[in-house]
Amino acid sequence: MIEAKSVSKFFPVVNDKGIAEGLTAVLNVSIRIPDGRIVSLLGPSGCGKSTFLEILAGLQAPTDGTIHIDGRLVLEPLPATRREQIAYRRRYRFISPLANGVFRDRPKHDIAMIFQDYAVFPWMTALQNVVFALNLRNAERRGAEKLKKRQVEEKALYYLQKTGIAASAHKYPSQLSGGMRQRLALARAISVEPKIILMDEPFAAVDALTREKLQDELLRLWEQTESGGIPITIIMVTHDVQEAVYLSDEVIVFSPSPGTIRNRIPVTVKRPRARTDAESLEIQDRILAMFQYDINQEADYSI
Ligand SMILES: Nc1ncnc2c1ncn2[C@@H]1O[C@H](COP(=O)(O)OP(=O)(O)O)[C@@H](O)[C@H]1O
Ligand SMILES: [Mg+2]
């Protein structure tokens, strides 16, 4: 269960007159996502989707509010007032405040993140990329749980097979197509068997046909992968309405300036779904009408 309570993020920025101004990237976002769901964060760019996702991942601290994953606090808000700052310094005297998550007993590999620009290491082959992720996880294991080198490689190959790129195991990312690189990122993410995968516009940079294939692949993996009997939770940022409706159990529509939740739309269409069945199309139209309304500030009844 992921629980975000009144999460806000302000960025201090300086305007062109040299005066400090604040930018509210995320304002008062509260959501509760039960295990095993696929949830999309949908909205035009600049509405705080990436910022919110990074806060969920613990890569950024919120300015306000809290995120709990399975009851554990992810990162606490950074101190704002002087008094808070003093208390905070006292508490985290020995390490950087940004690293305050270190103190928590949260298993680090509960969450895997996939970025839009295929964040795989270019100097490692596909196989080495996955082995690297597995080794990081392996280093935390103790005694008999620790995998042998051969087992790590077998496991890496197994996940490359699952994502359909085992034949390119010894190629470098630069030798792979965009779609294959994204498959590699996916293989690396699921290889550590996380409970949660966070994806930031994962398919935005590939062509439409490849994107549809990757979407289906993701659904197949989601249905297969069971960590403790429950499928993984996937939270995905996208600005593609069809993609959001096709994949998700729930679409959370964000609106910009300040970035906040505009609407939450449950998608109850049965799986396997068709991209263009009447029910999905109806939901897509409803979301598009909402965007239209935000742009025109009035309802467009032609839809
Ligand atoms: N580090 C930062 N400093 C200042 N402003 C930022 C920073 N990161 C993001 N922003 C601003 O916050 C807003 C939301 O950004 P982002 O979360 O990237 O939106 P999205 O992913 O929905 O496109 C944008 O207006 C962006 O310019
Ligand atoms: Mg973004």
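Before any of the text, the structure's been laid out above.
Sequence order as written defines the numbering, with residues in each chain counted from 1. Here the convention is simple: chains get letters from A, ligands get numbers from 1, in the order in which they are written. The model is predicted, so local features are restricted to residues of pLDDT at least 70 and side-chain atom pairs to those at 80 or more, both for listing and for counting; the totals for chains, interfaces and linings are taken over all residues. Calculation of side-chain values draws on the structure's entire complement of heavy atoms; hydrogens and water are dropped beforehand.

A. Spatial organisation of the site of ligand 1. Around ligand 1, a shell composed of Phe11, Val13, Leu23, Ala25, Ser45, Gly46, Cys47, Gly48, Lys49, Ser50 and Thr51 is seen. Interatomic distance of 3.1 Å between a backbone N/O atom of Cys47 and an oxygen atom of ligand 1. Polar contact is the term for a pair of N or O atoms within 3.5 Å; when the atoms are in protein, one must be able to donate a hydrogen and the other to accept it, and sequence-neighboring residues count only if both atoms are side-chain atoms. Take Gly48: an N or O atom from its main chain is 3.1 Å from an oxygen atom of ligand 1. Burial of ligand 1 by the protein chains amounts to 61% of its free accessible area of 560 Å². In this text, helices come from DSSP runs of H or I with a minimum length of four residues, and strands from runs of E with a minimum of two, each type numbered from the N-terminal end. Among the elements of the structure, strand 1 (2-14), strand 2 (20-33) and helix 1 (49-57) are those that each provide at least two residues to the shell around ligand 1. Throughout, the ten residues Ala, Val, Leu, Ile, Met, Phe, Trp, Tyr, Cys and Pro are labelled nonpolar, Asp, Glu, Lys and Arg are labelled charged, and all others, Gly among them, are labelled polar. Partitioned by chemical class, the residues of the shell around ligand 1 number 5 nonpolar, 5 polar and 1 charged. We call a residue near a given molecule or strand whenever any one of its heavy atoms falls within 4 Å of it. Note that accessible areas follow from Shrake-Rupley with a 1.4 Å probe, and for residues the cover is restricted to the protein chains shown.

B. Molecular detail of the nonpolar core. Counting residues in each nonpolar core, the largest one holds 36 residues, and the members touching the most others are Leu160, Leu184, Met199 and Leu218. Within the residue set of this core, elements represented by two or more residues are strand 6 (111-114), helix 3 (126-138), helix 4 (149-162), helix 5 (178-191), strand 7 (196-200), helix 6 (208-224), strand 10 (233-238) and helix 7 (241-247). Two residues qualify as a contact provided that any one of their heavy atoms is within 4.5 Å of a heavy atom in the partner residue. The contact partners of Leu184, leaving out residues within four places of it in the chain, are Val120, Ala126, Asn129, Val130, Leu160, Ile165, Pro173 and Leu176. Only buried residues count toward a nonpolar core. Its members are Ala, Val, Leu, Ile, Met, Phe, Trp, Tyr and Cys residues joined through side-chain atoms within 4.5 Å. Note on classification: 1.4 Å probe, protein chains only; a residue is buried when its accessible area is under 20% of the maximum for its type, exposed when over 50%, partly exposed between these limits. By size, the runner-up hydrophobic cluster in this structure holds 29 residues, among which are Cys47, Ile55, Ala61 and Ile67.

C. Just the pairing of strand 12 (residues 260-266), in detail. Bridge count between strand 11 (residues 250-255) and strand 12: 6 bridges; the pairing is antiparallel. Residue pairing across strands places Val251 opposite Ile265, the latter belonging to strand 12. Only strands joined by at least two bridges in the DSSP assignment are considered to pair. The antiparallel pairing of strand 11 with strand 12 creates a hairpin that spans 4 residues between the two strands, and Ser257 there sits at a positive phi of about 35°.

D. Seen up close, the side chain of Lys162. Secondary-structure assignment places Lys162 in helix 4. The charged-residue count follows a simple rule in which Lys and Arg add positive charge and Asp and Glu add negative charge, with His and chain termini not counted at all. Whenever Lys or Arg places a side-chain nitrogen within 4 Å of a carboxyl oxygen from Asp or Glu, that contact is recorded as a salt bridge. Of the side chains with opposite charge, Glu193 comes closest to the buried, unpaired Lys162, at an N-O distance of 8.1 Å. A polar atom in the side chain of Lys162 sits 3.0 Å from the side chain of Gln224. Lys162 has contacts with Arg220, Leu221 and Gln224, leaving out every residue within four places of it along the chain.

E. Spotlight on the pattern of salt bridges. The tally for this structure, following the rule as stated, stands at 12 salt bridges. Where Arg275 meets Glu212, a salt bridge forms, and the shortest distance between an N and an O atom there is 3.8 Å. With Arg275 in the loop between strand 12 and helix 8 (278-296) and Glu212 in helix 6, the pair connects residues that are 63 residues apart, well separated along the chain. In this structure Arg275 comes out as buried when scored by relative accessible area, which is 14%. We note a salt bridge from Arg264 to Glu250, for which the minimum N-O separation is 2.8 Å. Here Arg264 is found in strand 12, whereas its partner Glu250 is found in strand 11, with 14 residues between them in sequence. Its relative accessible area of 33% is what places Arg264 among the partly exposed residues. Within the structure, one salt-bridge network assembled from shared partners comprises Arg183, Glu217 and Arg220.

F. Summary view of the sheet that holds strand 2. Taken in spatial order, the 4 strands of this open sheet run 2-1-4-5, and their pairing is antiparallel. The open sheet has two free edges, formed respectively by strand 2 and strand 5 (72-73), since each of these has just one partner strand. In the sheet, strand 1 pairs with strand 4 (residues 64-69) via 5 bridges, with the strands oriented antiparallel. Among the inter-strand pairings, Glu3 is bridged to a residue of strand 4, identified as His68. Geometry is summarised by axes, namely lines fitted to C-alpha atoms with helices restricted to the contacting stretch, and by angles between N-to-C directions that run from 0 to 180 degrees. Strands in contact with helix 1 are strand 1, strand 2 and strand 4; relative to strand 1, the strand with the most contacts, it is inclined by about 120°.

G. The arrangement of the packing of helix 4 against helix 5 in detail. It is the contact of helix 4 with helix 5, at a shortest axis distance of 9 Å, that shows an interaxial angle of 130°. Here helix 4 lies oblique to helix 5, going by the angle between them. Relative to helix 5, the crossing made by helix 4 is right-handed. Of the residues in helix 5, those in contact with Lys155, Tyr159 and Leu160 of helix 4 are Leu184, Ala187, Ile190 and Ser191. In the contact of helix 4 with helix 5, the residues fall into 5 nonpolar, 1 polar and 1 charged. Note that the term roughly parallel is reserved for angles under 35 degrees, roughly antiparallel for angles over 145, roughly perpendicular for angles of 65 to 115, and oblique for everything else. What makes a crossing left-handed is the near helix being turned counterclockwise from the far one by less than a right angle; a clockwise turn instead makes it right-handed.

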